[in-house]
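Residue-level structure breakdown
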Amino acid sequence: LPVIVPRTAEMRMLEAASVDDIDGWEKNAWGIREPPLDDPSRADTMRDSSAHLDLVVTPGLAFSRDGRRLGQGKGFYDRFFAAYEEVSLQRGRPPPTRLGVALSHQIVDQVPTDDTDMLV
């Protein structure tokens, strides 16, 4: 599950063992439960070569049918996808499938993007 590292603005994906595990996590300022960063037993997909992502369900405000995504404007997912794609290739693994989940009114004809935006 995604978590933002304080002071670095780096997004990391950490392992969740179960729903009960998630229920025990602290809530952040927005009321969203986040995995603790200081748990050495929790696999970090960027640092632990045995932990590999196959699928990343990606949030967004709007999506186009050609895979463009409008996020919150901070670039967390885009930077993570670019970095993890490199890590996957170094490990000889395919990068994870990126899936955008949206309500019908979030699917639009065009989404403004730039060179740093990654498709879902």
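Residues numbered from 1 in each chain as written. Predicted model: local features only at pLDDT ≥ 70, side-chain atom pairs only at ≥ 80, totals over all residues. Heavy atoms only, no water.

**Notes on the confidence of the model for the chain**
Convention followed: Confidence of the prediction at every residue is given by pLDDT, a number between 0 and 100. Secondary structure elements are taken from DSSP: a helix is a run of H or I of four residues or more, a strand is a run of E of two residues or more, and numbering for both begins at the N terminus.
Taken over all residues, the pLDDT of the chain has a mean of 89, while the share at 70 or more is 100%. Summarising per-element confidence for the chain, the mean pLDDT is lowest in strand 1 (residues 2-5) (80) and highest in strand 4 (residues 62-64) (97).

**Notes on the nonpolar core**
Selection rule: Residues belong to a common nonpolar core when they are buried Ala, Val, Leu, Ile, Met, Phe, Trp, Tyr or Cys residues joined through side-chain atoms within 4.5 Å. The cut-offs for exposure are 20% and 50% of the maximum accessible area for each residue type, with area from a 1.4 Å probe on protein chains only; residues under the lower value are buried, those over the upper are exposed, and the others partly exposed. Any pair of residues with heavy atoms lying within 4.5 Å of one another is described as a contacting pair.
In this structure, Met-11, Met-13, Leu-53, Val-56, Tyr-77, Phe-80, Phe-81, Tyr-84, Val-87 and Met-118 together form the largest nonpolar core, which totals 10 residues. Counting only elements with at least two residues in this core, the list comes to strand 2 (10-13) and helix 2 (76-90). The dominant element in this core, judged by the number of residues it contributes, is helix 2, at 5 residues. Ignoring any residue separated from it by four or fewer positions in sequence, one finds Met-118 in contact with Asp-78, Phe-81, Ala-82, Glu-85 and Arg-98.

**Some details on the sheet that holds strand 7 (residues 107-108)**
Worth spelling out the cut-off: The criterion for strand pairing is that DSSP finds at least two bridges linking the strands in question.
Reading across the sheet, the 3 strands line up as 5-4-7 and stay open at both edges, with mixed pairing between neighbours. The sheet terminates laterally at strand 5 (69-70) and strand 7, the two strands that pair on one side only. Here 2 bridges tie strand 4 to strand 7, and the two strands are oriented parallel to one another. Across the sheet, the residue bridging to Phe-63 is Ile-107, located in strand 7.

**Some details on the pattern of salt bridges**
Basically, it comes down to this: Whenever a carboxyl oxygen of Asp or Glu lies within 4 Å of a side-chain nitrogen of Lys or Arg, that contact is scored as a salt bridge.
Following the criterion strictly, the structure yields 6 salt bridges and no others. One continuous salt-bridge network, built from bridges that share partners, spans Glu-10, Arg-12, Asp-44 and Arg-47.

**Regarding the side chain of Asp-21**
Note the following rule: Here a polar contact is taken to be a pair of N or O atoms separated by no more than 3.5 Å, where protein atoms must pair a possible hydrogen donor with a possible acceptor and residues adjacent in sequence count only if both atoms sit in side chains.
If you trace the backbone, Asp-21 turns up in helix 1 (residues 19-23). Of note is the side chain of Asp-21, whose polar atom sits 2.9 Å from the backbone nitrogen of Ala-17. Contacts of Asp-21, omitting those with residues within four sequence positions, involve Glu-15, Ala-16 and Arg-42.

**Details of a nonpolar patch on the surface**
Stated formally: Patches here are clusters of residues that have more than 30% relative accessible area and form no salt bridge, with a 9 Å joining cutoff for like charges and a 5 Å cutoff for nonpolar side chains (Val, Leu, Ile, Met, Phe, Trp, Tyr). Each accessible area is a Shrake-Rupley result for a 1.4 Å probe, and residues are judged covered by the shown protein chains and nothing else.
Together, Leu-55, Val-57, Leu-99 and Val-101 give the surface a local cluster of nonpolar side chains, amounting to about 340 Å² of exposed area. Relative to the elements of secondary structure, Leu-99 occurs in strand 6 (residues 97-100).

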